[in-house]
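The residues making up each chain are set out below.
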Amino acid sequence: MLLAEGLSKSFPGVRALDGVTLQLAAGSVHALLGENGAGKSTLVKILTGVYRPDAGRVVLDGRDVGFGSPLEALHAGIGVVHQERNLVPEFSIAENIALQHLPNRLGMVDRTRMRAEARRCLGMLDLDLDPDTRVAELSVAQAQLVEIAKALSVDTRVLLLDEPTASLTGDEADRLYAIVRKLTATGHAVVLVSHKLEEVFAVADTVTVLRDGRSVAQAQPLSGYTRDEIVDLMVGRAYASVELTARTVDRAATPALELAGLSTRHGHREVSLTVARGEILGLYGLVGAGRTELAKALLGLDEITGGEVRVHGVPVRIRDVGQALRRHRIGYVPEDRKGEGLFLEQPITRNVGVTVWRRLARFGLIPDRAERDVVAEYTELLGIRAASPGQLAGQLSGGNQQKVSLAKWLAASCDILIVDEPTVGIDVRTKAAFHELIARLAGQGMAILLISSDLPEIVTLADRIAVMGEAAVRGELVNDHDYDAVSQRVIRLIHAAPAAV
Amino acid sequence: MKQEDTTTPEQPRPPARLPLWANPRIGLVVLLIALIALFTTLRPAFLNTQLTLVPMQADISVYAVVGLSQLAVLSLGHMNMAVGRMAAMSAFASGLLHDRLDAPLIVALAGGLAMGALLGALAGIIISRTGVNSFVVTLALDFALIGLVSLLYATFTDGVAFNGLPAGMSALRTDTFADYCAGDVCGPEIPLLAPIALVAVLVVGLLFRWSRVGREVLMTGSNAKAAELSGIPVGWRVVQAHALSGLLAGLAGFLLSANNGSFSAGVGDGFLLPSFLAPVLGGTLLVGGAVSVLGTVLGTAITQVIYKGLNLLQFQVDELKLYIGLVLLAALSLDRLRHVLAERRGVPA
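None of the values given here were measured: they were computed from a predicted structure.

Engineer: Hey, could you run me through the pattern of salt bridges in this one?
Structural biologist: One side chain can pair with another of opposite charge once the charged atoms of both are near each other. A full pass over the atoms with the stated rule returns 32 salt bridges over all chains. Residue Arg265 of chain A is joined to Asp302 of chain A by a salt bridge in which the shortest nitrogen-to-oxygen separation is 3.2 Å. Taken together, the residues span a long stretch of sequence, with Arg265 of chain A in the loop between strand 13 (257–264) and strand 14 (271–275) and Asp302 of chain A in the loop between helix 9 (291–298) and strand 16 (304–311) at a distance of 37 residues. Here Asp302 of chain A falls in the buried class, since its relative accessible area comes to 18%. Salt-bridge contacts for Arg215 of chain B lead to Glu371 of chain A; the nearest nitrogen and oxygen are separated by 3.0 Å.

Written out as structure tokens, the structure is:
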């Protein structure tokens, strides 16, 4: 019914998709699997008209369709339910369902028809909800089902579900999949993107596995695979080893950073982690597992409701980043480089100098020369390539921007560093240099908490790996750098049901 | 890392040099000279010391400080819609101190500045605590203060102004340095107000260029989230910038009162537009993160030259407002054009 053939798509520095083919049959559920960054999102975005492919074509019912916009894809009959909620909370169910194609009469919204339409869509899902209910009043599961109703409201033939059960309980998920089964019985084709392999095996008929932007399994019947074989397909990439600074970790000594049964307002439950001096702790998890939020709570940006943070064995209450830096010498390199890590319209000097001004100031004034010297020292140390220290951070390449974002913490002589997704959107060569740098910093005795959704990165760098899911630590393991073995264990922890709640 | 440096293919771009025409300050100086030449040709009286130059310098002094008051919060990407009323409240505080306590000039000035700084800090606290837009907060504050100022003057004075000024304040109004001579050598024809404004300009310039607090305010204006995650006490910096704005508004109110010869309820009525005009003409961004103190002074000078020139050409007050408004629109459009042209050349403007 739907055939996407030879799709390729590149972004600056990354080849996201490389000749991928996806084939869908009417009345079946097709699973699209792969690790973070394997190209699933890019593929979904091409199918829904958000991106245009660099090469390849999309054929729907034997007709070439090249979607110019999400609306075109929608009208061609491809509906999508994204991982993030896309309903307007203040609108009613009916209004949300009708949002893309409001029925109008004499320029006014035809509310009677809108309600009737909403009832029809809800009926397809056996949902007994009043179309006039505001979405804000619905439960998460109900809202999820309304999203599906919305996707079905146009004459939808192909339904894309991106992690539809990420925020649902087991029962709710079962109900959702019952509905999915019903849809396929009426001739719909469903594409399911999910990290929960149990669900995939329970629901899907066929499978495509992506790895590094290529399809390693193409429209194969799922019954031909075991769970382990699928995991192998997902992670089994050739493991590129990098020469890294060797280091020894003294685990007997007092840990530099210790979280003891930490609970936060964000929903973390009893998170316990330790990072020793000179150690890299990899914190792995899927997007939305609550790792960034944990780091921010640690820095005082979110409320800690229970448990304790200890720095060099001493219990501390950190109020803000300034205090974390000055009193405890903790630095945080945020995931969102452009939004949180850098001042794009400011020169490199200020971006690096911002953390050391307090130290350099004499009578409240900052001597230009002292600042210049510090900045020069760290731009050289990190190999930041720029025309001059006066160049604006926004004009640098991604890799250099990340180095600038890191440099300010080194300049402030931190000895505990939290690095959040340090190499997202950075090309392979710079990434390797960055890994070398992080290993070197740990080698010099720095305690590093490495948050990453890039499993090879974690296996390359970390001494130990903690796996997080749904705001709790699912398990921890010592990294013996045997990529295949370690990645299998990590993936199993990810896909394991959460430990007794 | 060292070896990697030599093999990395990614080459930095050559240093981007700002072409001369894209430097906003030089454009302003040229514009200022051209305007003076134009008005002098049309009305030679434009260069008359007593009639034009001395009062114009006094006005530039007052309005440069008004501009700096707005600049103090533009640095954050905020606005202070209450500059006028903060000035009026300051003038009231100074007037009351003199009228009731017979306070000398310097105490009256200090009281006025403290009042301005307090009001500014209040605005800053509300903004940083509630996260409500600065425009809305200061606009509401302005509205409340309009009422308060009238009430206070009605309660403490016979009308809308205090009678009498502290000793020495009328000298600030009438004298120039030419009136003070050491032997045969007298000072230049510069009003006594000018050095006060000059000190304000130098202090604010120093603050934003070299002080840690000033720079951290600019970083907050540039990206508040990144500022917070770099350890800058963002909320406190917002309060400080607004307090500075209030303090400078208070100073401007004091200078204008000296110029007018009384502490009155009407002080600050005409501050709002000029407060934006000068910094924006001078190249300060409305989005925050960059300020130009020198540009603000030049922007004030240009505005006042246009004002005096049109005045001499016998334009009516309403026409003056019309033309000043048009000049602002033209200046902003030209600034945008300059930006676009510079961007096309691949240099930051």
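Engineer: Can you help me understand the confidence of the model for chain A in this one?
Structural biologist: A low pLDDT score tells you not to read the predicted coordinates there in detail. For chain A, per-residue confidence averages 85 on the pLDDT scale, and 93% of positions sit at 70 or higher. Ignoring residues within four places in sequence, the model shows residues 237–241 of chain A, a span with pLDDT below 50, making ten contacts including any to other chains.

Engineer: So what exactly am I meant to see when it comes to the pairing of strand 10 (residues 189–193) of chain A here?
Structural biologist: Remember that side chains alternate between the two faces of the sheet whenever the strand is regular. All names here are of chain A. Counting buried positions along strand 10 gives five out of five residues, so the element sits mostly inside the fold. In this structure, strand 3 (residues 29–33) lies alongside strand 10, joined through four bridges in parallel fashion. Residue Val29 lies in a different strand from strand 10, and its bridge partner there is Val190. As paired elements, strand 9 (residues 158–162) and strand 10 share five bridges and run parallel to each other. Note that in strand 10 the partner of Leu161 across the bridge is Leu192.

Engineer: Where do I start with the packing of helix 5 (residues 105–130) of chain B against helix 6 (residues 134–156) of chain B in this structure?
Structural biologist: To describe two helices that pack against each other, one gives the angle between their axes and the distance between the axes. Residue and element names in this part refer to chain B. Orientation of helix 5 relative to helix 6, taken along the N-to-C sense of each, is 140 degrees, at an axis distance of 10 Å. Between helix 5 and helix 6, the angle falls in the class oblique. By crossing handedness, the relation of helix 5 to helix 6 is classed as right-handed. Across the interface between the two elements, Leu119, Leu122, Ala123, Ile126 and Ile127 from helix 5 touch Ser134, Val137, Thr138, Leu141 and Leu145 from helix 6. Tallied by class, the residues present in the contact of helix 5 with helix 6 amount to eight nonpolar, two polar and no charged.

Engineer: Just checking my understanding: could you explain the environment of Cys186 of chain B for this structure?
Structural biologist: Checked against the element boundaries, Cys186 of chain B lands in strand 2 (residues 185–186). Sequence separation between Cys186 of chain B and Ala93 of chain B is 93 residues; the distance between their C-alpha atoms is 35 Å.

Engineer: Just checking my understanding: could you explain the interface of chain A and chain B for this structure?
Structural biologist: Put simply, an interface is often sized by how much accessible area is lost when its parts join up. On the side of chain B, 34 residues touch chain A, which itself brings 43 residues to the contact. Here chain A meets chain B over a buried area of about 3,400 Å², counting both sides, of which 53% is carbon and sulfur. Looking at the side of chain A facing chain B, the largest losses of area belong to Phe343, Arg350 and Arg385 of chain A, adding up to 19% of the total buried there. On the surface where chain A and chain B come into contact, there are three salt bridges. At the junction of chain A with chain B, the criterion picks out ten residue pairs in polar contact (both at pLDDT 80 or more). Mapped by element, the contributors of at least two residues to the side of chain A that touches chain B are helix 10 (321–328), helix 11 (337–341), helix 12 (348–353), helix 13 (357–360), helix 14 (368–382), helix 15 (398–411) and helix 16 (428–443) of chain A. Each residue belonging to the side of chain A that touches chain B can be placed in one class, and the counts come to 16 nonpolar, eleven polar and 16 charged.

Engineer: Any chance you could explain the domain arrangement of chain A here in plain terms?
Structural biologist: Its domain assignment divides chain A into domain 1 (2–235), domain 2 (241–329 + 415–501) and domain 3 (337–413). Computed over C-alpha atoms, the centres of domain 1 of chain A and domain 3 of chain A are 44 Å apart.

Engineer: I tried to follow the nonpolar core on my own but got confused; where do I start?
Structural biologist: Note on soluble globular proteins: their nonpolar side chains tend to be buried together. Residue and element names in this part refer to chain A. In terms of nonpolar packing, the biggest core is built from 77 residues, with Ile330, Leu417 and Ile448 touching the most fellow members. If you count residues domain by domain, this core takes at least three from each of domain 2 (241–329 + 415–501) and domain 3 (337–413). In contact with Ile330, other than residues within four places in its own chain, are Leu257, Leu299, Val311, Ile318, Ala324, Leu325, Trp409, Cys414, Ile416 and Ile418. Within the second largest apolar cluster, 61 residues are counted, among which are Tyr177, Leu183, Leu233 and Leu286.

Engineer: Is there a simple way to think about the environment of Cys121 of chain A in this case?
Structural biologist: Residues and elements named next belong to chain A. The residue Cys121 is located in helix 4 (residues 111–124) in this model. Overall, Cys121 belongs to the buried group, its relative accessible area being 0%. Taking the C-alpha atoms as reference points, Cys121 and Ile148, 27 residues apart in sequence, are found 8.9 Å from one another.

Engineer: Just checking my understanding: could you explain the sheet that holds strand 20 (residues 447–452) of chain A for this structure?
Structural biologist: Two orientations exist for strands paired in a sheet by backbone hydrogen bonds: parallel and antiparallel. Residue and element names in this part refer to chain A. Taken in spatial order, the six strands of this open sheet run 18-19-20-15-21-22, and their pairing is mixed. The open sheet is flanked by strand 18 (330–333) and strand 22 (472–478), the only strands paired with a single partner. On average, each strand axis in the sheet is tilted by 15 degrees relative to the strand beside it, whichever way the strands run. Pairing between strand 15 (residues 280–285) and strand 20: five bridges, direction parallel. When the sheet's bridge partners are listed, Ile280 is paired in strand 20 with Ile448. Set on the sheet, helix 18 (residues 483–495) makes contact with strand 15, strand 21 (464–469) and strand 22; between it and strand 22 the angle comes to about 165 degrees.

Engineer: Honestly, the packing of aromatic side chains in this entry has me stumped. Any pointers?
Structural biologist: Each aromatic ring pair is described using two quantities: the centre-to-centre distance and the angle formed by the ring planes. Residue and element names in this part refer to chain B. By the definition in use, this model includes eight aromatic pairs over all chains. Between Phe315 and Tyr323, the ring centres sit 5.3 Å apart and the planes meet at 85 degrees, which makes this aromatic pair edge-to-face. For Phe315, a relative accessible area of 25% translates into the label partly exposed. What makes Tyr323 partly exposed here is its relative accessible area of 34%.

Calculation criteria
- The residue numbering used here restarts from 1 in each chain and proceeds along that chain's sequence as written.
- Written order determines the labels here, with chains lettered from A and ligands numbered from 1.
- Per-residue local features of the predicted model are confined to residues with pLDDT of at least 70, and side-chain atom pairs are confined, for both listing and counting, to 80 or more; whole-chain, interface and lining totals are unaffected and use all residues.
- The side-chain values count all of the structure's non-hydrogen atoms but skip hydrogen atoms and water molecules.
- In the sections that follow, a salt bridge refers to a side-chain nitrogen of Lys or Arg positioned within 4 Å of a carboxyl oxygen of Asp or Glu.
- In this text, helices come from DSSP runs of H or I with a minimum length of four residues, and strands from runs of E with a minimum of two, each type numbered from the N-terminal end.
- For every residue, the accessible area (1.4 Å probe, protein chains only) is compared with the maximum for its type, and the residue is labelled buried under 20%, exposed over 50%, or partly exposed between those bounds.
- Per-residue confidence from the predictor is given as pLDDT, running between 0 and 100.
- Contact criterion: two residues are considered in contact whenever any of their non-hydrogen atoms come within 4.5 Å of each other.
- DSSP calls a pair of strands paired once it identifies at least 2 bridges connecting them.
- Convention adopted: a line fitted to C-alpha atoms gives each axis, helices being fitted over their contacting stretch, and angles between N-to-C directions are expressed from 0 to 180 degrees.
- We call two directions roughly parallel when the angle between them is under 35 degrees, roughly antiparallel when it is over 145, roughly perpendicular when it lies between 65 and 115, and oblique otherwise.
- Each crossing gets its hand from how the near helix is turned against the far one by less than a right angle, where anticlockwise is left-handed and clockwise is right-handed.
- Only Asp, Glu, Lys and Arg are considered charged in this grouping, and only Ala, Val, Leu, Ile, Met, Phe, Trp, Tyr, Cys and Pro are considered nonpolar; every other residue, Gly among them, is considered polar.
- Accessible-area loss on putting two parts together, using a 1.4 Å probe and summing over both, is the definition of buried area adopted here.
- Two N or O atoms form a polar contact when they lie within 3.5 Å of each other; inside protein one atom must be a possible hydrogen donor and the other a possible acceptor, and for residues adjacent in sequence the pair counts only when both atoms belong to side chains.
- Each domain's extent was defined by an automatic or database domain assignment.
- In this text, buried Ala, Val, Leu, Ile, Met, Phe, Trp, Tyr and Cys residues form a nonpolar core when linked through side-chain atoms within 4.5 Å.
- Think of it this way: a Phe, Tyr or Trp ring, Trp meaning its six-membered ring, pairs with another when their centres are within 6.5 Å, and the plane angle makes it stacked under 30 degrees, edge-to-face over 60, tilted otherwise.

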